[in-house]
Amino acid sequence: SKKLRIAVLAGDGIGKEVMPEGIRVLEAAAKRFDLPLEMQHFDWAHCDYFAAHGQMMPDDWKAQLQGFDAILFGAVGWPATVPDHVSLWGSLLKFRREFDQYINLRPVRLFEGVPCPLAGRKPGDIDYYVVRENTEGEYTALGGIMFEGTDREMVLQEAVFTRKGADRLLKFAFDLAQSRSKKHVTLATKSNGIAISMPWWDKCAEAMAKNYPDVVLDKQHIDILTARFVLQPGRFDVVAATNLFGDILSDLGPATTGTIGLAPSANLNPERNFPSLFEPVHGSAPDIYGQNIANPIAMIWSVALMLDFLGDGKGAWRSAHDAIVDAISQTILSGPSTPDLGGQGKTPDVGKAIAERLA
Ligand code: NAD
Ligand code: IPM
Ligand code: MN
C-alpha cells in the first residue's frame, strides 16, 4: 500500500535528545504493526539554522512540507542566541497558522506509579483533555509601540477571534466530550474582566451546546479554573480554551500529573488539507540540555497520537497507538525513569525500554 510520509524536525535543545527516542519507538511500532511509513529529516527550524541563514527556515519551507502526511516536531527556541518571538514566529507558529492546525489537543493523565503532587489523587482522578485554539486569539503580531522612549510610551497588542475559529474549536471539543463517558465541556472564559471577546466566547459556547443536549457545558473563569485544576481535577473532562489560556492550562495540567516531561500534543488540521504536527508540550529546556536526562515520554506519546491520527483511530494504527501508551505506562511503573520522575535513567534508557516493550 501507499506509504504515509512523515517529516521530522528535531529543533533545538532537548528536542535533539528526545527526537531519536521518538523515532526509535516509531520504528518499533511500524515494524510490529506493519505500518507503511517513511520518514524524511529536515535540518532547519532551529536556531543554529538561524545563525547561519538569518532566518529559521528556507523560503520554500511550505512547499517542502506540504505534501507530507504529518510532521513530527521536537522543540524550538534558544533564547541565548535568538529572541524567542523571532524563533517561534519563524517556525512553529508558522506551521500552526499556515497549515491551519486549528486544534491543539493536549491530553492530561495521571499514570500509575507517578508520585502525584496533589495529595490523595490516584490514576483515573486526573484524566482530561485541553482542547486549545491554535491559530488565532491572543497570539498575534498585530499592534505596535508608540512614543517609544518618552513618558508617553504605549503598547497596543490585539487579539483576534473569528466565529469560524471559535465554532470549529467548540465543535471539536463537544464532539470529543460526546465520545467520552463524562460528556462534559469546560469553557475557559474571563467574561467578567475581558468585556468584549470573552462574553462573545460564552455565547458561542452556549449556542454550540444546544447541538449537544447530552453534553454538559460548564463555563469557568480562567482564574478559578486554574485553582480547580489543582484542587478538584476530577471535575474536568474536555477543557476548551483560547490560545493563551490553553497554553497555560496545558503546562499546569501536566504539572499536576508529576512532570511536564510526559505531556504530548497534537496540532491538528482535522480536514487533512495540510499536514498535522505532533510534538511534546514542553520546550527546548536549555537548563538541562546536554546531560541526556530529558524525559522522552512526551515525544513518544506524541508519536502515538500521530499514528492514531494517521489511521483515523482505526485498525493497526489504533493498535499501535494503544500499544505505545501501554508500553509508556509499564515503563513509568517499573522503570527506568528520568530525574523529573525521580529516577536516574538517561533519555535513551527510557526510549529503549519503551521500544523493547513494544517489540
Ligand atoms: P521548557 O518547557 O523548555 O522548560 C521548562 C522546565 O521544564 C525546565 O526546567 C525544563 O528543564 C523542564 N523540562 C521541560 N521538558 C522536560 C523534559 N522532557 N524532561 C524533563 N524536564 C523537562 O520551557 P521554557 O524554559 O519556558 O522554554 C525554553 C525554550 O523553549 C524557549 O525558547 C521557549 O520559547 C521554548 N519553548 C518551545 C516550545 C515548543 O517548541 N513547542 C514549547 C515551550 C517552550
Ligand atoms: C507551546 C509553547 C508555544 C506556545 C511557544 C513556544 C510559542 O509554549 O507549544 O505550548 O505558546 O504555543
Ligand atoms: Mn506552552
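Counting restarts for each chain, with residues numbered from 1 along the sequence as it is written. Labels follow written order: the first chain is A, the first ligand is 1, and so on. Totals for whole chains, interfaces and linings use every residue, but because this is a predicted model, local features are given only for residues with pLDDT of at least 70 and side-chain atom pairs only at 80 or more, for both listing and counting.

**Some words on the overall build of the protein**
We apply this condition: Numbering goes from the N terminus for both helices and strands, where a helix is a DSSP run of H or I of at least four residues and a strand is a run of E of at least two. Atoms considered for the radius of gyration are the C-alpha atoms alone. The globule rule reads 2.2 Å times the number of residues to the power 0.38. Between the buried cut of 20 or more and the exposed cut of 12 or fewer other C-beta atoms within 10 Å of a residue's own C-beta lies the partly exposed class, and all C-beta atoms are placed from the backbone. Residues are scored as being in contact if the C-beta atoms we place from backbone atoms lie within 7 Å.
The secondary structure content of the protein amounts to twelve helices and twelve strands. Relative to the 2.2 N^0.38 estimate, which gives 21 Å for 359 residues, the radius of gyration of the protein is 20 Å and therefore close to what a compact globule would have. By principal-axis analysis of the C-alpha atoms, the protein measures approximately 55 × 50 × 45 Å. By the burial criterion, 46% of the 359 residues in the protein qualify as buried. Considering only intrachain contacts with a sequence separation of at least 6, the fraction spanning at least 24 residues in the protein is 75%.

**A closer look at the domain arrangement of the protein**
As a reminder, the rule being used: Where each domain begins and ends follows an automated or database-derived domain assignment. Asp, Glu, Lys and Arg are counted as charged, while Ala, Val, Leu, Ile, Met, Phe, Trp, Tyr, Cys and Pro are counted as nonpolar; the rest, among them Gly, fall into the polar class.
Examined at the domain level, the protein breaks down into domain 1 (1–112 + 259–359) and domain 2 (127–256). Its C-alpha centre places domain 1 at a distance of 24 Å from the equivalent point of domain 2. Domain 1 puts 21 residues into the contact, and the matching count from domain 2 is 21 residues. With seven residues, strand E4 (residues 103–109) is the largest single contributor of residues to the side of domain 1 that touches domain 2. For the side of domain 1 that touches domain 2, the residue count by class is twelve nonpolar, four polar and five charged.

**A closer look at the sheet that holds strand E3 (residues 70–75)**
Test applied: Any two strands are treated as partners once DSSP identifies two or more bridges connecting them. For helices, the axis comes from a line fit to the C-alpha atoms of the stretch in contact; other axes are also lines fit to C-alpha atoms, and the angle between any two N-to-C directions lies between 0 and 180 degrees.
Taken together, ten strands build an open sheet; the order of strands is E2-E1-E3-E12-E11-E4-E5-E10-E8-E9 and the sheet is mixed. Looking at strand neighbours, the two that pair on one side only are strand E2 (37–41) and strand E9 (216–221), the edges of this open sheet. Averaged over neighbouring strand pairs, the angle between their axes works out to 20° when direction is ignored. In this structure, E3 lies alongside strand E12 (residues 276–280), joined through three bridges in parallel fashion. Bridge pairing in E12 links Ala70 to Ser276. The sheet strands contacting helix H8 (residues 222–231) are strand E8 (184–189) and E9, and the helix crosses E9 at an angle near 105°. Its contacts with the sheet put helix H9 (residues 243–256) on E4, strand E5 (127–133), E8 and strand E10 (238–241), and the angle it makes with E5 is roughly 155°.

**Some points on the site of ligand 2**
Note the following rule: By definition, a residue lies near a molecule or strand when the C-beta atom built from its backbone is within 6 Å of it.
Near ligand 2 the following residues occur: Gly77, Leu88, Leu93, Asp247, Val281 and Gly283. When the residues that make up the shell around ligand 2 are grouped by side-chain class, the tally is three nonpolar, two polar and one charged.

**Remarks on the pairing of strand E1 (residues 4–11)**
Regular strands show a simple pattern: their side chains alternate between the two faces of the sheet. The line we're drawing: Call a crossover right-handed when, viewed with both strands pointing away from you, the route from the first strand across the helix to the second goes clockwise.
Note: E1 against E2, five bridges, orientation parallel. From the neighbouring strand, Val8 faces E2, where its bridge partner is His41. Once you follow E1 into helix H1 (residues 15–33) and on to E2, the crossover reads as right-handed. When E1 meets E3, the two strands line up parallel, connected through five bridges. Looking across to E3, one finds that Ala7 is bridged to Ile71.

**Observations concerning helix H12 (residues 347–358)**
What counts here: Multiplying one less than the number of residues by 1.5 Å gives the expected span of a helix. Directions from the helix axis toward the C-beta atoms define the arc.
Spanning twelve residues, H12 covers 17 Å between terminal C-alpha atoms, matching the ideal 16 Å at 1.5 Å per step. What H12 keeps buried is the set Thr347, Val350, Gly351, Ile354, Ala355 and Leu358. Within H12, the buried residues cover an arc of 130° as seen down the axis, which keeps them to one side. Where the residues of H12 are buried, they touch H1, helix H10 (297–310) and helix H11 (315–334).

**Details of the packing of H1 against H11**
Put simply, the test is: Under this scheme an angle from 65 to 115 degrees is roughly perpendicular, one under 35 degrees roughly parallel, and one over 145 degrees roughly antiparallel; angles in between are oblique. By convention the crossing between two helices is left-handed if the near helix lies anticlockwise of the far one by an angle smaller than a right angle, and right-handed if it lies clockwise.
The geometry of H1 relative to H11 is characterised by a closest axis approach of 10 Å and an angle of 135° between their N-to-C directions. Taken together, H1 and H11 sit at an angle that is classed as oblique. As for the relative orientation of H1 and H11, their crossing is right-handed in sense. Where H1 abuts H11, its residues Val25, Ala29 and Phe33 lie against Ala316, Ser319, Ala320, Ala323 and Ile324. A breakdown of the residues in the contact of H1 with H11 according to their chemical character gives seven nonpolar, one polar and no charged.

**What about the UniProt feature "domain: Isopropylmalate dehydrogenase-like" (unreviewed entry) in the protein?**
Applied cut-off: UniProt positions are given in the numbering used here, feature names are shortened, and annotations may be inferred rather than shown by experiment.
Following the UniProt record, the feature "domain: Isopropylmalate dehydrogenase-like" (unreviewed entry) maps to residues 5–354 here. Regarding residues 5–354, the helix share stands at 40% and the strand share at 19%, and the terminal C-alpha atoms are separated by 23 Å.

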